[in-house]
Amino acid sequence: MAKGEVVINESHCLGCGYCEHFCPQGCIVVTGEKYSSFGYLLPVFANEEKCNACGICEWMCPHFGIEVYKYVEAEA
């Protein structure tokens, strides 16, 4: 299974929570402990080992605050 990385651009995030709601693997969570400089609740990429880089969180973000990177192993 492919592994992925989710990068959250905190300056673009308005705390809507769509990324958390639509992530099928539960990799993104809004813990209520992290806030932006504007006072918005920020999501955290918490369960990296579960991420399969499906990209749904990136597609659902209305403010383009998420980038998803898919890592695949190189064949020898």
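Computed from a predicted structure; not experimentally measured.

A. Spatial organisation of the packing of aromatic side chains. Across all of its chains, the model carries two aromatic pairs by this definition. Relative to Phe22, the ring of Tyr18 has its centre 6.2 Å away and its plane inclined at 80°; by these criteria the two rings are edge-to-face. Placement of both Tyr18 and Phe22 in helix H1 (residues 18–22) is noted, with a separation of four residues, approximately one turn of the helix. The class for Tyr18 is partly exposed, based on a relative accessible area of 41%.

B. Fine view of the nonpolar core. Core analysis: the largest hydrophobic core is formed by twelve residues, namely Val6, Ile8, Cys19, Cys23, Cys27, Ile28, Phe45, Cys51, Ala53, Cys57, Ile66 and Val68. Those elements that provide at least two residues to this core are strand E1 (3–8) and strand E4 (66–71).

Thresholds applied
Within every chain, residues take consecutive numbers counted from 1 along the sequence as written. With pLDDT at 70 or above as the cut-off, local features in this predicted model cover only qualifying residues; side-chain atom pairs require 80 or more to be listed or tallied, and sums for whole chains, interfaces and linings still use all residues. The side-chain numbers reported here are obtained from all heavy atoms of the structure, hydrogens and water having been left aside. For this analysis, a ring pair means two rings from Phe, Tyr or Trp (six-membered ring only for Trp) whose centres lie within 6.5 Å, classed as stacked if their planes differ by under 30 degrees, edge-to-face if by over 60, and tilted for the remaining angles. We count a stretch as a helix when DSSP gives it H or I for four or more residues in a row; a strand needs E for two or more, and each element gets its number in order from the N terminus. Exposure categories follow from relative accessible area, calculated using a 1.4 Å probe and restricted to protein chains: below 20% of the type maximum is buried, above 50% is exposed, and the middle band is partly exposed. What we call a nonpolar core is a set of buried Ala, Val, Leu, Ile, Met, Phe, Trp, Tyr and Cys residues that are connected through their side-chain atoms within 4.5 Å.

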